[in-house]
Amino acid sequence: MADEWQEAYEFAVEVARKAGMVIKQEIDKEMKVLTKSSTVDLVTKTDERVEKIIIGSLKTKFGEKAHKFIGEESTEKGCELTDAPTWIIDPVDGTTNFVHGFPFVAVSIAFAVKKELEFGVVYSCLEDKMYRARNGKGAFCNDEPISVSDVKDITKSIIISEHGTDRTPAKVEKIFSTMQKILCIPVHGLRGSGTAATNMCLVATGAVEAFFEIGIHCWDVAAGAVIVREAGGIVLDVSGGPFDLMSRRMLSANHEDIAKRIIKEIEVFEVPRDDGVKHLQQPSSF
Ligand SMILES: Nc1ncnc2c1ncn2[C@@H]1O[C@H](CO)[C@@H](O)[C@H]1OP(=O)(O)O
Ligand SMILES: [Mg+2]
């Protein structure tokens, strides 16, 4: 079939909008905040509810068993990406922002077939920005085509990174040391929206030149990866090797020159992979 996944792509946009409406309704209400891996790794009933709405809608549309699902709130053990058509979902990306009313919260929905990402949808619901991209068909924000910045000189760039949820002093030191070195190149600025999915869309629109993070999960970056690539950018491992969705390491940039310069400064630290595979060597291409 020539355009086998177009219907799924269009439906993903619809579902992301519906999920975003629920988040918008919930954000002003008093909420019960629970924690996951640490006291700063937050989750709310809304995360769980929105994920159920998304997966429920997709199952109703495409059948209970036709597709597989990897969701932030429903994947308990490792994430297994097989050849089967698979949805990769973050119902509320930027949960800490959501809890505090910091105005960047996104719904992230990606779809992979034969382990390759086919399309991605990121709905930055508080800004009402619907980002979407499908392989070979371009990237859009609210139906307008988007493309990455053409800045190749790092000293004229804005770079995004985040701090993650691990407060182990040795890790925090590496994160801040990397940020300090990048800031002092110098770059025009360092930023962070608090949602990896939105950060990737900011690379895709050219608002910033790059976003990198170690510790993110597959559901944070799967949709954004398609959007960045279709907007003309690149998505790599933080070593410069090929991007591995399960590695919890990601660098997205407008151009190879910017990526190479950042990679020189990144102090890499170990994180367990999303698929539970141990000791997979990350190849470097730069
Ligand atoms: N352990 C971790 N380290 C780094 N980033 C993480 C992380 N867990 C989640 N993130 C994601 O990275 C961004 C902030 O660092 C958010 O998109 C957040 O997603 P979340 O809000 O869905 O948890
Ligand atoms: Mg997330």
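Please read all numbers here as calculations on a predicted model, not as lab measurements. (Residues numbered from 1 in each chain as written. Chains lettered and ligands numbered in written order. Predicted model: local features only at pLDDT ≥ 70, side-chain atom pairs only at ≥ 80, totals over all residues. Heavy atoms only, no water.)

> Please set out the UniProt feature "binding site: Mg(2+) 2" (unreviewed entry) in the protein chain residue by residue, giving values where relevant.
Annotation from UniProt places "binding site: Mg(2+) 2" (unreviewed entry) at Asp-90, Asp-93 and Asp-220. These annotated residues cover 131 residues of sequence, but their C-alpha atoms sit close together, with the largest distance between any two at 6.7 Å. With respect to the helices and strands, Asp-90 occurs in strand S4 (residues 86-93). The exposure class of Asp-90 is buried, given its relative accessible area of 0%. Ignoring anything within four residues of it in the chain, the contact list for Asp-90 reads Glu-72, Ala-106, Val-107, Ser-108, Trp-219 and Asp-220. There is a polar contact of 3.4 Å between the side chain of Asp-90 and the backbone nitrogen of Val-92. Apart from residues no more than four positions distant in its own chain, Asp-220 is found in contact with Glu-72, Asp-90, Asp-93, Ala-196 and Ala-197. From its side chain, Asp-220 meets the backbone nitrogen of His-217 in a polar contact 2.7 Å long. (UniProt positions renumbered as here; feature names shortened; annotations may be inferred. Helix = DSSP H or I, 4+ residues; strand = E, 2+ residues; numbered from the N terminus. Buried < 20%, exposed > 50% of the residue type's maximum accessible area, 1.4 Å probe, protein only. Contact = heavy atoms within 4.5 Å. Polar contact = N/O pair within 3.5 Å; in protein donor to acceptor, adjacent residues only side chain to side chain.)

> Lay out the domain arrangement of the protein chain in plain terms, naming residues and giving numbers.
Each assigned domain of the protein chain is listed with its residue range as follows: domain 1 (5-145) and domain 2 (154-264). Distance between the C-alpha centres of domain 1 and domain 2: 20 Å. With 39 residues of domain 1 at the interface, the matching set in domain 2 holds 23 residues. Between domain 1 and domain 2, roughly 2200 Å² of surface is buried when both sides are summed, and carbon and sulfur atoms account for 71% of that area. Counting the contacts that link domain 1 with domain 2 gives zero salt bridges. (Domains from an automatic or database assignment. Buried area = accessible area lost by both parts, 1.4 Å probe. Salt bridge = Lys/Arg side-chain N within 4 Å of Asp/Glu carboxyl O.)

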